[in-house]
Every structure is written in structure tokens, then in C-alpha cells.
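# Analysis of the macromolecular model
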Amino acid sequence: NGCLPPGQARKWAVGRPLPRGVLVQEVPPALVIKIGPPPAGYRYARVANDILLLAAGTGMVIDAIQDLGGR
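Here the structure is a predicted model, which means the values were calculated and not measured.

Now for the sheet that holds strand S1 (residues 42–47). As summarised here, the arrangement of the 3 strands in space is S1-S2-S3, forming an open sheet in which the pairing is antiparallel. The sheet is open, and its two borders are formed by S1 and strand S3 (61–65), each paired with just one other strand. Averaged over all pairs of adjacent strands, the angle between strand axes in this sheet comes to 25 degrees, irrespective of strand direction. As judged from the 4 bridges shared by strand S2 (residues 50–55) and S3, these two strands associate in the antiparallel manner. The residue bridging Leu54 from the neighbouring strand is Val61, located in S3.

Here it is, written out as C-alpha cells:
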């Protein structure tokens, strides 16, 4: 996007499936307690410092909390 160093631009978008090759980490349990459990059929995933709500079957990004995962 011209504003971020190479490799730092977000590789996901709400309304689209999470692309293959994106490094996904577990969301820390303490953070899940703070934001509440995901609805049935969904899961949280951490991508960099963003927390994504993904549809469990398709990997579709339903919602995102940006720049939260590092806190």
C-alpha cells in the first residue's frame, strides 16, 4: 500500500476467506475471557496483532479487532 514496509501490509480482509500461508496463532485464553467466547460455528484467530473472528468451516473473516493481540 506504499505506507508499510514490505511484508507488513494486512493479508486479510473482512468478508473474504483468510488466505493460505497467513501465519495464524491461537488467541491467548486471558484475551478470550476479556472479549467473550466466539459464537457457535466460529473461532478466533490471531494474525500479527489482529484478532479475527473466522467462520469455522470456511475460514471466512467475519469481523476483526485490529491491533489488539499484542496487548
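A word on unusual backbone geometry. Positioned with a positive phi, Ala48 is a non-glycine residue whose angle comes to about 55 degrees. Examined against the element boundaries, Ala48 turns out to sit in the loop between S1 and S2. In this structure Ala48 comes out as exposed when scored by relative accessible area, which is 56%.

This part takes up the nonpolar core. Grouped together as the largest cluster of nonpolar side chains are 8 residues: Trp12, Leu18, Val22, Ala45, Val47, Leu52, Leu54 and Val61. Of all the secondary structure elements, the ones that give two or more residues to this core are S1 and S2. Not counting residues up to four positions away in its chain, the partners in contact with Leu52 are Trp12, Leu18, Arg43, Tyr44, Ala45, Val47, Val61, Asp63 and Ala64. Core analysis: the next-biggest nonpolar cluster, separate from the first, contains 6 residues, Leu31, Tyr44, Leu53 and Leu68 among them.

The rules behind these values
- Residues numbered from 1 in each chain as written.
- Predicted model: local features only at pLDDT ≥ 70, side-chain atom pairs only at ≥ 80, totals over all residues.
- Heavy atoms only, no water.
- Pairing = 2+ DSSP bridges.
- Helix = DSSP H or I, 4+ residues; strand = E, 2+ residues; numbered from the N terminus.
- Axes fitted to C-alpha atoms, helices over the stretch in contact; angles between N-to-C directions.
- Buried < 20%, exposed > 50% of the residue type's maximum accessible area, 1.4 Å probe, protein only.
- Core = buried A, V, L, I, M, F, W, Y, C linked by side-chain atoms within 4.5 Å.
- Contact = heavy atoms within 4.5 Å.

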